[in-house]
Amino acid sequence: MKVRQATPVTSELADISTLARFDGEVICEPPNNKLDKFGGTLYWKENKFPLSNQNMLLRGCVLRNTEWCFGLVVFAGPDTKLMQNSGRTKFKRTSIDRLMNTLVLWIFGFLVCMGVILAIGNAIWEHEVGVCFQIYLPWDEGVHSAVFSGFLSFWSYIIILNTVVPISLYVSVEVIRLGHSYFINWDKKMYCAKRRTPAEARTTTLNEELGQVEYIFSDKTGTLTQNIMVFSKCSVNGHSYGDVQDVLGHNVELGERPEPVDFSFNPLADPGFQFWDPSLLEAVQLGDPHVHEFFRLLSLCHTVMSEEKSEGELYYKAQSPDEGALVTAARNFGFVFRSRTPKTITVHELGRAITYQLLAILDFNNIRKRMSVIVRSPEGKIRLYCKGADTILLERLHPSNQDLTNVTTDHLNEYAGEGLRTLVLACKDLEESYYEDWAERLRRASGAPEAREDRLARLYDEVERDMTLLGATAIEDKLQQGVPETIAILTLANIKIWVLTGDKQAPGSPCAETAVNIGYSCKMLTDDMTEVFVVTGHTVLEVREELRKAREKMMDGSRSMGNGFSYQEKLSSSKLTSVLEAIAGEYALVINGHSLAHALEADMEVEFLETACACKAVICCRVTPLQKAQVVELVKKYKKAVTLAIGDGANDVSMIKTAHIGVGISGQEGIQAVLASDYSFSQFKFLQRLLLVHGRWSYLRMCKFLCYFFYKNFAFTMVHFWFGFFCGFSAQTVYDQYFITLYNIVYTSLPVLAMGVFDQDVPEQRSMEYPKLYEPGQLNLLFNKREFFICIAQGIYTSVLMFFIPYGVFADATRDDGAQLADYQSFAVTVATSLVIVVSVQIGLDTGFWTAINHFFIWGSLAAYFAILFAMHSDGLFQMFPNQFRFVGNAQNTLAQPTVWLTIALTTVVCIMPVVAFRFLKLDLKPELSDTVRYTQLVRKKQKPQHRCARRGGCGGGSRRSGYAFSHQEGFGELIMSGKNMRLSSLALSGFTARPGAAWIETLRRKKGGESSPDTAAKG
């Protein structure tokens, strides 16, 4: 919540009658997109009054603590700052979308080629054969040559064969995506009961790309952490408070601590506040002046609004949770912020109400990184109170504070090492004469028409110097539940997680930095890592040198492991990720904001990305929102990988919009991130389910849908192509017109939609247990150009058999009564029936998860086909529409012949058996990981109950991550020891081992990039 106040001189305009007499004039800056800045001047009553961002209400704001207000519209419509920031909306498309567009163009080209071939055939046939039959097969009126006949035949075949171009594909894809989006919205396991917030798919175009994510860029505060701040520790006058120690001077753990500090002496204390060190309260009660001044600063230097609904029940509304936590701490220790006006602040200090005159607020911004207030006490003393980042405030202290600064710096490093958020507090007494002069210069600078911000910044900088150090605060922002487990499992799925945070990264050991310790606590960083590189250079040369040394250490470590890697060979490679392919061991990279600014420069960005991608974990500290977006854009530019950005605040919006997929956390910092996101939920742990379950299933379903869709279209359409060679290229169709119309609408549409919406290869529990199942999506294995051509080849193969087997049978076949069986309509019914049965059996083979809906749609479509077929050849329709349904009884007569059913059966078997044989051999000789998991599950179900109980007990010990790794090994062991006749190749099962270099999926990953060095390729 932001504090906005009207210019005090306008307070008299409290009713409509006085407002109607207002004749002031506002002169301000032109429309711009700077949300945090505004400069203008109000000319009224022969005076001028400065206007700043504090006096502005932006479009889209919601009033809080104020029922109504009068306002003067400065900008409207497209001139408002909100519209100036809107920019052009970038429509996100998936890689499958782009591939589909390319394939459709290829198919259209293939259609044209078929049309040209058949048109040439028509011209040749008419020239060589048709000319001999002009007496009873004359050309149509207007056709005077074989060439022109071929030209007309071309367009006829384009119309007949147009079903090969999947026009309905795009509609079907959107229906499937809509279904997947509803599954995400309805998922009860992604519902947060505490906040009553379900997961929400805010777009329907990116679902399958959730199954292909390789890089996750995450904010820390509010995303990995709860963003519920708790006043944990503080340092006052060189003394650290917050740790509870036993009689031996050792810190007591949380579970062993005594009761929290009793604040019952304070009737205005917040009952939800807890503090464990009683010595701080004792210092307050004993009247320690330094502690009193410390809490006095916390109760005065803020922009919190107080609301008192009843006597003694205070509710604080703060711009950030940090401020709320600090003011609440001061409240409980006896310095209660009670109320404020534009010119006063009322504080109850140990039960005594004191009203301070508020002379000035020097507000916080991202450049200053500090906030100050200047107040006058009831005694008339003027004092400046300041709080801010340690890197800024410590250098503004008076030299006499050096010894205290050293002690406080040690405390700050200790707090940062525990993952706490720190602030430094300082104060300064001001002489009356100096303040009057400074205030007059501030008033003139505030009314300056030009360079107002620069003038104010210089005045703020002048007064905020030579301050006296009071101490430091440490706020705890705990990790969200399930974050370590989620990161560990996503890492096992070969998803690389980069944390981009604005938190402190102080100089010194990596173990003494907030963000780094958050990395350890959430298992991004582990003690088993070979090394954690920290880049803190302040110049381009320093950053380049640190990155170079990091790469050299990784190369040396890789060579020491004996993988034959040569650094010089790698430098000569043109592939960006060559380093990634050759590095052995686990490394992490930590880089701060000013170093990152140099690393993102055009001449160094490739070196930075190479180094970062070779590391298992990357943490960027103190980065700006723009830098977050630049890092994401850098990975998108060079890695060609699917990226996902997740955050909860307005500073994450640019990163969320830049990534392929943006996820918003609905947390404590408003809904800006949610509004800009593609998906939203309330806790980071739900990301695991979103990717490994919904994302993987969406990708699997979409790929299977596309493969089958192209297959059935080619199997259906290519029959016309083969028939063209036996009908004189006359553009005659094999099927009747109604079958052509209903094939894609009724007979084959619903079964493939059901598969695209409901299919799954393994249950959701197995998807979570075996993260390696996620990797085929990252490698784009299930649908690519190769898979497309395989589907097309299968469709063409089916069409060849579909046409030539009935054609060959009908050439010499006879009916039961001895009459010739062959006629055009009987042939059409036979081919159409064979086609519907074959594609129905094929989708039955493709379906991995059968539901009642799948059964109903597949067998219902077959039943609908026969019902419509018999209806169209019935006597009733003939009597109603004799010109449309003239072949009465043809279907009944044709399908009554055993020869026809034997032909249909033969066609079905010959079309399907190669597919069944190939899949059986593949399952037996080279199963995919999903096949192995399914088989493992089947083996476990057949084990005796006591064996299952023993396994369950054996997996219970240890951490979740180590238990998970053991379950992988155990599953492999059970599979080998089961004694079943299914032979599993070492390549397929290597995903269960702890050696990623030997896994078949890793081999495919290297082949995908083509980035292996000659030495590595030889070893493979």
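Remember, it's a predicted structure, so these values are computed and weren't measured experimentally.

## Some points on empty space enclosed by the protein
For step 1, the next point in the chain: A complete count under the given rule lists three cavities of 30 Å³ or more for this structure.
For step 2, the next point in the chain: Taken as a whole, the largest cavity encloses approximately 70 Å³ of empty space.
For step 3, the next point in the chain: Residue contributions to the lining of the largest cavity peak at four residues, all from helix α29 (residues 824–846).
For step 4, the next point in the chain: Residues belonging to the lining of the largest cavity are distributed by class as follows: nine nonpolar, two polar and one charged.

## A closer look at the sheet that holds strand β2 (residues 40–44)
For step 1, the next point in the chain: In spatial order, the strands read β1-β2-β3; together these three strands make up an open sheet with antiparallel pairing. Lying at the two open borders of the sheet, with one neighbouring strand each, are β1 (25–28) and β3 (47–51). The sheet shows a mean angle of 25° between the axes of neighbouring strands, direction not considered.
For step 2, the next point in the chain: Direction of pairing for β2 relative to β3: antiparallel, over a ladder of five bridges.

## Describing helix α33 (residues 898–925)
For step 1, the next point in the chain: An ideal rise of 1.5 Å per residue puts 40 Å on 28 residues; α33 measures up with 39 Å between its terminal C-alpha atoms.
For step 2, the next point in the chain: Where α33 is concerned, the buried positions are V900, T903, I904, T907, T908, C911, I912 and V915.
For step 3, the next point in the chain: On its buried face, α33 is in contact with α28 (785–812), α29 and α32 (890–895).

## Some thoughts on the packing of aromatic side chains
For step 1, the next point in the chain: In this structure the tally under the stated criterion is 56 aromatic pairs.
For step 2, the next point in the chain: Arranged with centres 5.2 Å apart and planes meeting at 70°, the rings of F725 and F729 form a pair that is edge-to-face.
For step 3, the next point in the chain: Its relative accessible area of 10% is what places F729 among the buried residues.
For step 4, the next point in the chain: Positioned over the ring face of Y316 is R331, at 5.4 Å from the centre of the ring.
For step 5, the next point in the chain: Directly above the aromatic system of F709 lies the positively charged group of K712, at a separation of 4.4 Å from the ring centroid.

## Considerations on the pairing of strand β9 (residues 313–317)
For step 1, the next point in the chain: The alternating pattern of β9 places L314 and Y316 on a buried face and E313, Y315 and K317 on a face that is not buried.
For step 2, the next point in the chain: The sheet contact formed by strand β8 (residues 305–310) and β9 spans five bridges and is antiparallel. Within β9, the residue paired with E307 across the bridge is Y315.
For step 3, the next point in the chain: The hairpin formed by β8 and β9 contains two residues between the paired strands, and G312 there has a positive phi angle of roughly 85°.

## Focus: unusual backbone geometry
For step 1, the next point in the chain: Of note in this structure, D466 is not a glycine but carries a positive phi near 55°.
For step 2, the next point in the chain: Position of D466 among the secondary structure elements: in the loop between α12 (452–463) and β16 (468–476).
For step 3, the next point in the chain: Phi is positive for A731, which is not a glycine, with a value near 65°.
For step 4, the next point in the chain: Within the secondary structure, A731 is located in the loop between α23 (686–724) and α24 (737–747).

## Thoughts on the pattern of salt bridges
For step 1, the next point in the chain: For the structure on display, the rule yields 46 salt bridges.
For step 2, the next point in the chain: For R934, the salt bridge is made with D931, and the minimal N-O distance between the two is 2.5 Å. Residue R934 and its partner D931 are located together in helix α34 (residues 929–942), separated by three residues, close to a single helical turn.
For step 3, the next point in the chain: Residues joined by salt bridges that share partners form a network here, namely E293, R296, E349, R383 and D429.

## Re the pairing of β2
For step 1, the next point in the chain: Within β2, four of the five residues are buried, leaving the element largely enclosed by the surrounding structure.
For step 2, the next point in the chain: Summarising the sheet, β1 and β2 pair through four bridges and their orientation is antiparallel. Across the sheet, the residue bridging to E25 is Y43, located in β2.
For step 3, the next point in the chain: Between β2 and β3, which pair antiparallel in sequence order, lie two residues; one of them, K45, sits at a positive phi of approximately 55°.

## Structural notes on the sheet that holds β16
Whenever strands of a sheet pair, they do so through backbone hydrogen bonds, lying parallel or antiparallel.
For step 1, the next point in the chain: Strands sit in the order β7-β6-β16-β15-β14-β13-β12-β11-β10 across an open sheet of nine strands; the sheet is antiparallel. The sheet is open, and its two borders are formed by β7 (239–241) and β10 (335–340), each paired with just one other strand. Averaged over neighbouring strand pairs, the angle between their axes works out to 25° when direction is ignored.
For step 2, the next point in the chain: Pairing between strand β6 (residues 230–236) and β7: three bridges, direction antiparallel. Paired with S235 across the strands is S240, a residue of β7.
For step 3, the next point in the chain: This element, helix α10 (residues 402–417), spans β6, β7, β15 (421–430) and β16 of the sheet and lies at about 5° to β16.

## Quick word on the nonpolar core
The tendency in soluble globular proteins is for nonpolar side chains to be buried as a group.
For step 1, the next point in the chain: Counting 83 residues, the largest nonpolar core has F705, L706, F710, Y735, F739, F783 and L835 as its most contacted members.
For step 2, the next point in the chain: Examining the composition of this core, we find that 18 residues originate from one element, α23, more than from any other.
For step 3, the next point in the chain: Ignoring any residue separated from it by four or fewer positions in sequence, one finds F739 in contact with F716, Y747, A832, L835, V836 and Y865.
For step 4, the next point in the chain: In this structure, A269, I345, Y356 and L358 belong to the second largest nonpolar core, which totals 47 residues.

## Structural notes on the packing of helix α19 (residues 605–613) against helix α20 (residues 625–639)
For step 1, the next point in the chain: The N-to-C vectors of α19 and α20 enclose an angle of 90°; their axes lie 11 Å apart at closest approach. Taken together, the axis directions place α19 and α20 in an arrangement best described as roughly perpendicular. Mapping the contact onto sequence places E605, V606, F608, L609 and C613 in α19 and L634, V635, K637, Y638 and K639 in α20.
For step 2, the next point in the chain: Considered class by class, the residues forming the contact of α19 with α20 number seven nonpolar, no polar and three charged.

## Describing a nonpolar patch on the surface
For step 1, the next point in the chain: A contiguous nonpolar surface patch, about 460 Å² in accessible area, is contributed by I117, F725, F726, F804 and Y807.
For step 2, the next point in the chain: Take F804: it is sitting in helix α28.

## Things to note about the confidence of the model for the protein chain
For step 1, the next point in the chain: Predicted confidence across the protein chain gives a mean pLDDT of 82, with 86% of residues reaching 70 or more.
For step 2, the next point in the chain: A low-confidence stretch, residues 948–1000 (pLDDT under 50), is modelled with 82 contacts involving residues beyond four sequence positions or located in other chains.
For step 3, the next point in the chain: Every residue in residues 1010–1020 scores below 50 in pLDDT, and together they form 17 contacts with partners more than four places removed in sequence or on other chains.

## Re the environment of Q212
For step 1, the next point in the chain: Relative to the assigned elements, Q212 resides in the loop between β4 (200–201) and β5 (213–218).
For step 2, the next point in the chain: Judged by relative accessible area, which is 4%, Q212 ranks as buried.
For step 3, the next point in the chain: Residues Q212 and S95 lie 117 residues apart in sequence; the distance between their C-alpha atoms is 9.5 Å.
For step 4, the next point in the chain: Once you skip the residues sitting within four places of it in the chain, Q212 turns out to touch S95, V642, Y699, Y774, G777, Q778 and N780.
For step 5, the next point in the chain: Within the structure, Q212 has its side chain in polar contact with the side chain of S95 (distance 3.4 Å).
For step 6, the next point in the chain: Within the local environment of Q212, its side chain forms a polar contact with the side chain of N780, the two groups lying 3.4 Å apart.

Procedures and definitions
- Residues numbered from 1 in each chain as written.
- Predicted model: local features only at pLDDT ≥ 70, side-chain atom pairs only at ≥ 80, totals over all residues.
- Heavy atoms only, no water.
- 1 Å grid on protein atoms, 1.4 Å probe; cavity = no way out; pocket = protein on both sides within 12 Å on 5 of 7 lines; lining within 4 Å.
- Points joined across faces, edges and corners; volume = space filled by probe spheres on them.
- Helix = DSSP H or I, 4+ residues; strand = E, 2+ residues; numbered from the N terminus.
- Nonpolar A, V, L, I, M, F, W, Y, C, P; charged D, E, K, R; others polar.
- Pairing = 2+ DSSP bridges.
- Axes fitted to C-alpha atoms, helices over the stretch in contact; angles between N-to-C directions.
- Expected span 1.5 Å × (residues − 1).
- Buried < 20%, exposed > 50% of the residue type's maximum accessible area, 1.4 Å probe, protein only.
- Contact = heavy atoms within 4.5 Å.
- Phe/Tyr/Trp six-rings, centres within 6.5 Å; stacked < 30°, edge-to-face > 60°.
- Lys NZ or Arg CZ within 6 Å of the ring centre and 35° of its normal.
- Salt bridge = Lys/Arg side-chain N within 4 Å of Asp/Glu carboxyl O.
- Core = buried A, V, L, I, M, F, W, Y, C linked by side-chain atoms within 4.5 Å.
- Parallel < 35°, antiparallel > 145°, perpendicular 65-115°, else oblique.
- Patch = residues over 30% accessible without salt bridge, like charges linked within 9 Å, V, L, I, M, F, W, Y side chains within 5 Å.
- Areas by Shrake-Rupley, 256 points an atom, 1.4 Å probe, with all protein chains shown as cover.
- pLDDT = per-residue confidence, 0-100.
- Polar contact = N/O pair within 3.5 Å; in protein donor to acceptor, adjacent residues only side chain to side chain.

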